[in-house]
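Overview (structure and organization)
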Amino acid sequence: MIFKDDNLVVLALAPMADMTDWPFCQICRKVSGGDFVIFREMVSSEAIVRTNEKTLKMCEFDQNEHPIIQQIFGAYPEVVVKAAELIVKNYKPDGIDINMGCPVPKIAGKADCGAALLKDPERAVSIIKALKKANLGVTVSVKTRLGWTDNDDILKFAPMMEETGVDFISIHGRTKQEGYTGIADWEKIAQVKKLVSIPVFANGDIKNNADIKRCLEITGADGIMIGRGALGNPWIFAGIDREDVPPEELKKIVIEHAKLHIQHYGEKSITTFRKHLAYYFKGITGIKDLRSELVRVKSIEELENIIQKIPG
Ligand SMILES: Cc1cc2nc3c(=O)[nH]c(=O)nc-3n(C[C@H](O)[C@H](O)[C@H](O)COP(=O)(O)O)c2cc1C
């Protein structure tokens, strides 16, 4: 739990497609406790409304995951509202977050969702207004970027969002055009924080506990949202950086995470767990050969054997 001027600052796990799933969220809760908010990876409002089985499964969570916010993407207010209603009724998360920042062409290009809403603020406003009107009894929030190409867009966009009655806004300090390049602009988030009175969550390039402090000092934000900095480091929400985790504890948690992943996705899914392994063992020196074994791992038994050979 962290404080700013005696006020509690919310820590949050950022939504990350294919990453902030049930197994990873379980691991974060296990090692970091309950004092942070989980944002589950985005789901398509259209797929939810079509009751697509795989998409519905992505919205399931365990009680220990509260407080938990489900993120949705969509372009049509009525579809987003229908999807949110269905999710709230069936799964009871604490909030619904609308993705207004995703840059990938499938979402922001063709579909007029994600970051494309920054270019179409009227549509963005109508989505949030419709959601607030539906009165679902959960928080309604927006996660966005600084703009499409201009990092000043947010200075117009955030007040428009505030007017809709949105409960809070999370800002990744980059434009859509920047993708993930350059450095997140925390100064711009500070400007937004001064401009609006709704809570602002700062996001982008917060990699460790020193960054959390620095970002808070610069932005004055009400919340700190961590994405990639939590991958391979689920301890970050407990004030612990991965370098300080004893190697035996790290190995134990990696195996536990792998087992939950397999429990959730099936025996063959160890291949989709490899991405997590890259994060867990990032920066550890002298394991070049083992690293190339890790990226090819085919079973949990094999993973246990490789991990045993990692020094420490
Ligand atoms: C693999 C990956 C998947 C992501 N998926 C989503 C998503 O589903 N919804 C969203 O709003 N942002 C998504 N993002 C963006 C992150 O939530 C976050 O805004 C971004 O990574 C910057 O924060 P960070 O530097 O703490 O990672 C994703 C990022 C990554 C790396």
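Residues numbered from 1 in each chain as written. Predicted model: local features only at pLDDT ≥ 70, side-chain atom pairs only at ≥ 80, totals over all residues.

- Named according to an unreviewed UniProt entry, the chain is tRNA-dihydrouridine synthase originating from Candidatus Magasanikbacteria bacterium CG1_02_32_51.
- Quoted verbatim from the Cofactor (unreviewed entry) field of UniProt, the annotation for the chain is "FMN".
- As stated in UniProt under Function (unreviewed entry), the record for the chain gives "Catalyzes the synthesis of 5,6-dihydrouridine (D), a modified base found in the D-loop of most tRNAs, via the reduction of the C5-C6 double bond in target uridines." (UniProt positions renumbered as here; feature names shortened; annotations may be inferred.)

**Considering the nonpolar core**
- Within the largest apolar cluster, 73 residues are counted, with the highest numbers of intra-cluster contacts made by A12, L13, I72, I128, V200, A202 and I224.
- With sequence-adjacent residues up to four places away left out, I224 is seen in contact with V9, L11, F201, A202, I206, I212, C215 and L216. (Core = buried A, V, L, I, M, F, W, Y, C linked by C-beta atoms within 7 Å. Buried ≥ 20, exposed ≤ 12 C-beta atoms within 10 Å, placed from the backbone. Contact = placed C-beta atoms within 7 Å.)

**Brief notes about the UniProt feature "active site" (unreviewed entry) in the chain**
- Within the UniProt annotation, "active site" (unreviewed entry) is assigned to C102.
- Tracing the backbone shows C102 in the loop between β5 (95-100) and α5 (105-109).
- Contact partners of C102, with chain neighbours within four places excluded, come to M42, F73, I107, A108, G114 and A115. (Helix = DSSP H or I, 4+ residues; strand = E, 2+ residues; numbered from the N terminus.)

**Remarks on helix α9 (residues 209-219)**
- Of all the residues in α9, the buried ones are I212, C215, L216 and T219. Burial along α9 is one-sided: seen end-on, the buried residues are contained in an arc of 100 degrees. Those residues of α9 that are exposed and aimed more than 90 degrees away from the buried face are A210 and E217.
- Positioned one or two residues after α9, G220 has a phi angle of 65 degrees, which is positive. (Arc of directions from axis to C-beta.)

**Considering the site of the ligand**
- Contacts to the ligand come from 21 residues, most closely from A14, M16, M42, G227 and R228.
- Of the residues in the shell around the ligand, the class split is nine nonpolar, eight polar and four charged. (Near = placed C-beta within 6 Å. Nonpolar A, V, L, I, M, F, W, Y, C, P; charged D, E, K, R; others polar.)

**Let's talk about the environment of Y76**
- Residue placement: Y76 occurs in the loop between β4 (68-73) and α4 (77-91).
- Classification of Y76 as partly exposed rests on a count of 18 C-beta atoms within 10 Å.
- On a C-alpha basis, the gap between Y76 and G232 in space is 36 Å, while along the polypeptide they are 156 residues apart.

**Observations regarding the packing of helix α8 (residues 186-195) against α9**
- Two elements in contact, α8 and α9, have axes separated by 8 Å at closest approach and are oriented at 45 degrees. When the interaxial angle is binned, α8 and α9 end up oblique. On α9, the residues touching W186, E187, I189, A190 and K193 of α8 are C215, I218 and T219.
- Along the lines of polarity and charge, the residues of the contact of α8 with α9 split into five nonpolar, one polar and two charged. (Axes fitted to C-alpha atoms, helices over the stretch in contact; angles between N-to-C directions. Parallel < 35°, antiparallel > 145°, perpendicular 65-115°, else oblique.)

**Details of the domain arrangement of the chain**
- If you check the domain split of the chain, you get domain 1 (2-241) and domain 2 (246-309).
- Spacing between the C-alpha centres of domain 1 and domain 2 amounts to 28 Å.
- Domain 1 puts eight residues into the contact, and the matching count from domain 2 is ten residues.
- Residues belonging to the side of domain 1 that touches domain 2 are distributed by class as follows: six nonpolar, two polar and no charged. (Domains from an automatic or database assignment.)

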